Amino acid sequence: KSAGFPLLKRIEEFDFEFQPSIDQTVIKDLATLRFIDNGENVVFLGPPGVGKTHLAIGLGVSAIEQGIPVLFINASVLIEQLKEAYHSDQLDRYLKKLTRPGLLIIDEIGYLPFDAQAAYCFFQLISRRYEHGSTIFTSNKSFGNWGEIFQDQVIAAALLDRILHHCRTVNIRGESYRMKDRKSHKLWV
Ligand code: ADP
Ligand code: MG
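Described below are features of the structure shown in this document. (Residues numbered from 1 in each chain as written. Chains lettered and ligands numbered in written order. Predicted model: local features only at pLDDT ≥ 70, side-chain atom pairs only at ≥ 80, totals over all residues. Heavy atoms only, no water.)

**Description of the overall build of the chain**
The line we're drawing: For helices the rule is a DSSP run of H or I covering at least 4 residues; for strands it is a run of E covering at least 2, with both sets numbered from the N terminus onward. Atoms counted for the radius of gyration: C-alpha only. Globule rule: 2.2 Å times residue count to the power 0.38. Working definition: with a 1.4 Å probe on protein chains only, accessible area under 20% of the residue-type maximum means buried, over 50% means exposed, and in between means partly exposed. Accessible surface area values rest on a Shrake-Rupley calculation with a 1.4 Å probe, where residue burial reflects the displayed protein chains alone. In this tally, Lys and Arg are treated as positive and Asp and Glu as negative; His is ignored, and so are the chain termini. The location of each charge is read from NZ of Lys, CZ of Arg, CG of Asp or CD of Glu.
Summing up its helical and strand segments, the chain has nine helices and five strands in all. The secondary structure elements of the chain, listed N-terminal to C-terminal, are α-α-β-α-β-α-α-β-α-β-α-α-β-α. Relative to the 2.2 N^0.38 estimate, which gives 16 Å for 189 residues, the radius of gyration of the chain is 17 Å and therefore close to what a compact globule would have. Sorting the 189 residues of the chain into buried and exposed places 46% on the buried side. Looking at the chain as shown, the accessible area adds up to about 10,100 Å², and 50% of this sits on carbon and sulfur atoms. Across the chain, 22 positive and 22 negative side-chain charges occur, with their mean positions spaced 3 Å apart.

**Some words on the site of ligand 1**
Selection rule: A molecule or strand has a residue near it when one of that residue's heavy atoms lies within 4 Å. Think of a polar contact as two N or O atoms within 3.5 Å of one another; within protein, one of them needs to be a possible hydrogen donor and the other a possible acceptor, and neighboring residues in sequence only count if both atoms come from side chains. Each residue receives one of three labels: charged for Asp, Glu, Lys and Arg, nonpolar for Ala, Val, Leu, Ile, Met, Phe, Trp, Tyr, Cys and Pro, and polar for the others, Gly being one of them.
Taken together, 14 residues surround ligand 1, and among them Asp15, Gly49, Lys52, Thr53 and His54 come closest. Contact between ligand 1 and Asp15: a nitrogen atom at 2.8 Å from a main-chain N or O atom of the residue. Arg178 is positioned such that a nitrogen or oxygen atom in its side chain is 3.2 Å from an oxygen atom of ligand 1. Surface burial for ligand 1 is 87%, taken as the share of its 550 Å² of free accessible area covered by protein chains. Of the residues assigned to the shell around ligand 1, the class counts are five nonpolar, four polar and five charged.

**Quick word on the packing of helix α4 (residues 75-87) against helix α5 (residues 91-99)**
Under the convention used in this document: Working convention: axes come from line fits to C-alpha atoms, limited for helices to the stretch in contact. Angles between N-to-C directions cover 0 to 180 degrees. Between 65 and 115 degrees an angle is taken as roughly perpendicular, under 35 as roughly parallel, over 145 as roughly antiparallel, and anywhere else as oblique. Any two residues having at least one pair of non-hydrogen atoms within 4.5 Å are treated as being in contact.
Following both chains from N to C, one finds α4 and α5 inclined at 140 degrees, their axes separated by 7 Å at the closest point. Considering their axes alone, α4 and α5 lie oblique with respect to each other. Of α5, the residues touching α4 (which contributes Leu78, Gln81, Leu82, Ala85 and Tyr86) are Leu91, Tyr94, Leu95 and Leu98. Residue composition of the contact of α4 with α5, by class: eight nonpolar, one polar and no charged.

**Side note on the sheet that holds strand β5 (residues 167-171)**
Basically, it comes down to this: For two strands to be treated as a pair, DSSP must find at least two bridges joining them.
Reading across the sheet, the five strands line up as β2-β3-β4-β1-β5 and stay open at both edges, with parallel pairing between neighbours. Only two strands of the sheet have a single partner each, and these edge strands are β2 (70-74) and β5. Between one strand axis and the next, the sheet turns through 10 degrees on average, direction left out of account. Across the face of the sheet, helix α1 (residues 24-31) comes into contact with β1 (41-45) and β5 while running at roughly 140 degrees to β5. The sheet contacts of helix α6 (residues 116-129) involve β3 (103-109) and β4 (134-139), and relative to β3 the element is tilted by about 145 degrees.

This is the structure in structure tokens:
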């Protein structure tokens, strides 16, 4: 709870048959949490509802159970808090707080753009975590479109260079789980 999860999800609750584009062995391997020992990042990419946040929280819950400090933060909240910290001369302090946990989860990168100031602060964060601790990212935008998110191709390239250096990317292509029940009620006829 103190890790900031919006709700509790477990890897064991995930229905892999519903989402065949996910290689179950990759998720099982991530669930061993060796990626945290190795300081690797994980990126879940895909459209809304395919289970990105569920899997990210599931790995976070496993990490907590192993005694690894975890912090979960939504990207739009992160943008706000980075800017607030910057303006009140607390950026260094806030970045330290975000660098400490063995696992940081940044959810929903790409729904809101980062302005120049937020992109600068975010770059500081990624630089500090680089080869220091693992970060899980989820995004609805493929890496080729991260330039749009940060509104700066150079910053986006520098960020991706660090994030992807030691990284496992899970591309999810499939239907939204949220539509599963609605479909059976034929709302779309
Ligand atoms: P995303 O973050 O990709 O938008 P979520 O992880 O929030 O999607 O998933 C939406 C909802 O559907 C959540 O309640 C999640 O637990 C559930 N869900 C998604 N995919 C699956 C799945 N394959 N098996 C079980 N529940 C799933
Ligand atoms: Mg999500």
